[in-house]
Each structure stands twice: as C-alpha cells, then as structure tokens.
Amino acid sequence: MRRTYIPKDGGKRRPLGIPTFEDKVLQTAVKMLMEAVYEEDFLDCSYGFRPGRSAHDALEAVWQSAMHISKHGAWVVEVDIESFFDSIDHEHLRGILDQRVSDGVVRRVIHKWLNAGVMEDGQHSRSESGTPQGGVISPLLANVFLHEVLDTWFVREVQPRLDGRTSSSAMRMTSSWSASTSATRGECSPCCRSDSASTASSASRQDALVRFERPRA
C-alpha cells in the first residue's frame, strides 16, 4: 500500500494509504458482506460511514437531544480521538472480529490488509496498530472497533451509573464523539474514555465541555 499525505489544520499532515486496484475491488466486496452483518449490531448513535447516514443526521440527532434536556440545562461533551485510524490495536480488533466473523477467507484477507504495511519513499514498513485511511475497508473496521469499545461501553457502563437521575444520549461520527446529559458536571466525567481496549488518546485541543441551557424568558 502506497502512503501519501494531505494537509490538516495546524500545519499537520494526515497520512493516507492508497491500496492497489485489486485490493480496492476485494475490499469493496468484503465491506458489503460485513456491513450486512454489522449493521444489525451497530447502535443508532453511530453515524460515520454508515449506509443512509451522514454528518447532517448526526447534527440533527444532537439538536433533538438538546431540545429534550431538563429545565436546569445540560452538559454537551465533545471528544475527538487523536490519530484514531493510526492507533487501532490489531490484536484487540481481531478479538472483536472473532465474535461475529467466522469465515476463514474473510478473516485471512483482513489479516493480510492489516499487516501489509505501507510503502513510503521507497521504504516498506509495518505496524502493530492502525488501519490506513484511504482503504475501502478501513472506515468499517473503525466502526466495528468503536462499536465495542465506545458505543456499547457508554450504554452498558455510563448510562446505568446515572441511575435514572438524569437523561443522557450519545452520537458518534467515527472518531468524533458527542454526549449530552442533564447530569451535573461531576456526573459527566465517565463519558470520556481511554483504556487498554482503545489505545487512542483524546485530542484535547479539539475536545469541549459545553453548558447548554434553554433561553431565559
């Protein structure tokens, strides 16, 4: 896979992996097959790179959630995972795929793509983490990973802790995640997660904790 770069904000560069034509065709076929499986599992809170969903739908969901906050207002937590595509742990991703993908051929080609490495300036290098941006299959693998370590974690671990005292919801656009809750600021702290299952870290300059209140009469 050939690596190239595109500019990002702040003078940084985003690495892109450009697969061969044959790999693009095969990745498209595998993506269609896996989408049929995982679209049954993905939660309504995820919007990035999903059929029939867009960033506009995510913004509408955030707006609708904010409109149903309590009369005392709410906190909106916005988190962006730094270098997420580059930091997905291969071992954890394979463990997650083991739960739903049993076809040996599909598993082998995914393993091949993850371990193919990149060609840059005539030098070939490999990594134990990451799925190159630019690959057809990469957004789906990212969604599979985040569905397990972030989306279901929020539903299973965070919402029950609120114990019915507050209302909360979460929306995700791939590595950008937003949660709104009518809890107090201290009660919002579990919403930002980085643990051994997700080696990615929060990009603090792009994170935000915003107080949202209804207009006063």
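For the structure itself, consult the block above.
Report follows, based on the coordinates.

Reading guide: rules and limits
Residue positions are given per chain, counted from 1 along the sequence in the order it is written. For this predicted model, a pLDDT threshold of at least 70 governs which residues receive local features, and a threshold of 80 or more governs which side-chain atom pairs are given and counted, while totals over whole chains, interfaces and linings are taken from all residues. Excluded from the side-chain calculation are hydrogens and water; included are all heavy atoms of the structure. Each helix corresponds to a stretch of at least 4 residues labelled H or I by DSSP, and each strand to a stretch of at least 2 residues labelled E; elements are numbered beginning at the N terminus. Relative accessibility thresholds used throughout: buried, under 20% of the residue-type maximum; exposed, over 50%; partly exposed, between the two (1.4 Å probe, protein chains only). Only heavy atoms matter for contacts: two residues are in contact if any of them lie within 4.5 Å across the pair. In short, Shrake-Rupley with a 1.4 Å probe defines the accessible areas, and a residue's cover is counted only from the protein chains shown. The term nonpolar core refers to a set of buried residues drawn from Ala, Val, Leu, Ile, Met, Phe, Trp, Tyr and Cys, joined through side-chain atoms within 4.5 Å. Any carboxyl oxygen of Asp or Glu within 4 Å of a side-chain nitrogen of Lys or Arg constitutes a salt bridge here. What a helix should span is 1.5 Å times the count of its residues minus one. As used in this structure description, the phrase polar contact means that two N or O atoms lie within 3.5 Å; if the pair is within protein, one of them must be able to donate a hydrogen and the other to accept it, and residues adjacent in sequence are counted only when both atoms belong to side chains. Between any two strands, at least two bridges found by DSSP are needed for them to pair. Pairs were defined over the aromatic rings of Phe, Tyr and Trp, the Trp ring being its six-membered one, requiring ring centres within 6.5 Å. Orientation was assigned from the angle between planes: stacked under 30 degrees, edge-to-face over 60, tilted for the rest. Here, a charge over a ring is recorded when the distance from Lys NZ or Arg CZ to the ring centre is within 6 Å and its angle to the ring normal is within 35 degrees.

1. Topic: the overall build of the chain
Right, on to step 1. From N to C terminus, the chain includes six helices and nine strands.
Right, on to step 2. Counting the 217 residues in the chain, one finds 41% classified as buried.
Right, on to step 3. Contacts spanning at least 24 positions in sequence make up 72% of the contacts within the chain whose residues lie at least 6 apart.
Right, on to step 4. Taken as a whole, the chain presents about 12,400 Å² of accessible surface, with 52% of it coming from carbon and sulfur.

2. Looking at the nonpolar core
Right, on to step 1. Counting 29 residues, the largest nonpolar core has Met34, Phe84, Leu97, Ile110 and Leu141 as its most contacted members.
Right, on to step 2. Elements with a minimum of two residues in this core: helix H1 (21–38), helix H3 (84–87), helix H4 (90–98), helix H5 (104–115) and helix H6 (138–161).
Right, on to step 3. The residues touching Leu141, leaving out its near neighbours within four places in the chain, are Met34, Leu93, Leu97, Ile110, Leu114 and Thr131.

3. Brief notes about the pattern of salt bridges
Right, on to step 1. Counted according to the given criterion, the structure contains six salt bridges.
Right, on to step 2. Notably, a salt bridge pairs Asp44 with Arg53, separated by 3.4 Å at the nearest N-O pair.
Right, on to step 3. Close ionic contact of Asp98 with Arg107 constitutes a salt bridge, the shortest N to O distance being 2.3 Å.

4. Brief notes about H5
Right, on to step 1. Counted at 1.5 Å a residue, the expected span for H5 with its 12 residues is 16 Å, and the 16 Å between its end C-alpha atoms agrees.
Right, on to step 2. Residues of H5 that are buried include every one of Val106, Val109, Ile110, Trp113, Leu114 and Asn115, and no others.
Right, on to step 3. If you follow the buried residues of H5, they end up packed against H1, H4 and H6.
Right, on to step 4. At the N-terminal end of H5, a side-chain oxygen is found 2.9 Å from the backbone nitrogen of Val105, two or three residues along, and the residue is Asp103.
Right, on to step 5. Within two residues after H5, Gly117 carries a phi angle of roughly 75°, on the positive side.

5. As for the pairing of strand S2 (residues 13–18)
Right, on to step 1. Here strand S1 (residues 2–7) runs beside S2; their pairing, made up of six bridges, is antiparallel. Looking at the pairing, Tyr5 lines up with Pro15 of S2.
Right, on to step 2. Hairpin connection of S1 to S2: five residues between the antiparallel strands, including Gly10 at a positive phi of 80°.

6. A word on unusual backbone geometry
Right, on to step 1. At Phe49, a residue that is not glycine, the phi angle is positive and equals roughly 55°.
Right, on to step 2. Mapping Phe49 onto the fold places it in the loop between H1 and helix H2 (55–66).
Right, on to step 3. Its relative accessible area of 54% is what places Phe49 among the exposed residues.

7. Quick look at the packing of aromatic side chains
Right, on to step 1. The final tally for this structure, using the stated rule, is three aromatic pairs.
Right, on to step 2. For the ring pair Phe84 and Phe85, a centre distance of 5.7 Å and an interplane angle of 70° mean the geometry is edge-to-face. Each member of the pair, Phe84 as well as Phe85, carries the same accessibility label: buried.
Right, on to step 3. Among the aromatic residues, those joined into a ring-pair cluster are Phe84, Phe85 and Phe145.
Right, on to step 4. Lying over the aromatic face of Tyr47, Arg53 brings its terminal NZ or CZ to 4.7 Å of the ring centre.

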